[in-house]
Amino acid sequence: NCSSIEKWVNNFGNHCTRTYVMLRFLLISIFVTSINCDLFQNEQYEVPGCLIVLDVAEYMPVLLGGISQLRSQITYPPEALANSIEGRVIVDFVVNKNGKAIELTTRTNLGFGLEEEAVRVVRLSNFRIPMNYGKPACVNYALPITFIID
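What you are looking at is a predicted structure, and each value in this text was computed from that prediction instead of being measured.

Criteria and cut-off values
Just so you know, the residues in each chain are numbered from 1, in the order the chain's sequence is written. Totals for whole chains, interfaces and linings use every residue, but because this is a predicted model, local features are given only for residues with pLDDT of at least 70 and side-chain atom pairs only at 80 or more, for both listing and counting. Only hydrogens and water are set aside; all other atoms, that is, all heavy atoms of the structure, feed into the side-chain values. Only DSSP runs of H or I with at least four residues qualify as helices, and only runs of E with at least two residues qualify as strands; both kinds are numbered from the N terminus onward. We call a residue buried when its accessible area falls under 20% of the maximum for its residue type, exposed when it is over 50%, and partly exposed in between, using a 1.4 Å probe and counting protein chains only. In what follows, residue pairs with any heavy atoms lying within 4.5 Å of each other are defined as contacts. The term nonpolar core refers to a set of buried residues drawn from Ala, Val, Leu, Ile, Met, Phe, Trp, Tyr and Cys, joined through side-chain atoms within 4.5 Å. Strands pair, by our definition, only if DSSP identifies at least two bridges between them. To obtain an axis, a line is fitted to C-alpha atoms, over the contacting stretch when the element is a helix, and the angle between two such axes runs from 0 to 180 degrees between their N-to-C directions.

### Focus on the environment of P48
Part 1: Examined against the element boundaries, P48 turns out to sit in the loop between α2 (14-39) and β1 (53-54).
Part 2: The class of P48 is exposed, set by a relative accessible area of 62%.
Part 3: C-alpha of P48 to C-alpha of E103: the two residues are 55 residues apart in sequence and 8.9 Å apart in space.
Part 4: In this structure, P48 is in contact with I102 and E103, ignoring residues within four places of it in sequence.

### Description of the nonpolar core
Part 1: The biggest cluster of nonpolar side chains holds 20 residues, and the ones touching the most others in it are V91, F93, L104, L114, V122, I145 and F147.
Part 2: Of all the elements in the fold, those that place two or more residues in this core are β2 (87-95), β3 (101-106), α5 (114-124) and β6 (138-147).
Part 3: Among the elements that take part in this core, α5 stands out by supplying five residues, more than any other.
Part 4: In this view, F93 contacts A101, I102, E103, L104, V122, F127, V139, N140, Y141, A142 and L143; residues no more than four positions away in its chain are not counted.
Part 5: Counting five residues, the second-largest nonpolar core is a separate cluster that includes V47, C50, V94 and C138.

### Notes on the environment of N109
Part 1: By secondary structure assignment, the location of N109 is in the loop between β3 and α5.
Part 2: The exposed category is assigned to N109, whose relative accessible area is 71%.
Part 3: On a C-alpha basis, the gap between N109 and I90 in space is 9.6 Å, while along the polypeptide they are 19 residues apart.

### Looking at the sheet that holds β6
Part 1: Read across the open sheet, the four strands follow the order β1-β6-β2-β3; overall the sheet is mixed. Since the sheet does not close on itself, it has two edges, and those belong to β1 and β3, each with one partner.
Part 2: Inspection of the sheet shows β2 paired to β6 by nine bridges, in the antiparallel sense. Among the inter-strand pairings, V94 is bridged to a residue of β6, identified as N140.
Part 3: Against the sheet, α5 makes contact with β2, β3 and β6, and its axis sits at roughly 40 degrees relative to β2, the strand it touches most.

Don't take any of this as a statement about function, it's just geometry.
Below, the structure is given as structure tokens:
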């Protein structure tokens, strides 16, 4: 309580005041760190080649070459072209420790070969290796690919 702290400070002078302030700062830091760990706790599940798959990492993966390089690799499926099908396919995947996309799935079902083409192009892509605490990590990632007939 305050009275015992005041006695402590009066008996030992400025040295104890600094110690008290540092101790208080340490306790607050530990409390804030425990809150942050709970807020940003990643969902974990097993993926081949990855011990843990994170939702957030210190350095998230980035598509090497950018979206323009990805677009240049897309071949519009003939069936979708013949039926004038356009739309967005969202590809969910895990970027592994080598910067490759694994465990690819799609959220949408436009049909006519658009999902298969989106998955093919993402599978060919390379990503900057995700890092967490200075070590390569596996991270969940989603990439929207829009198909538009020119």
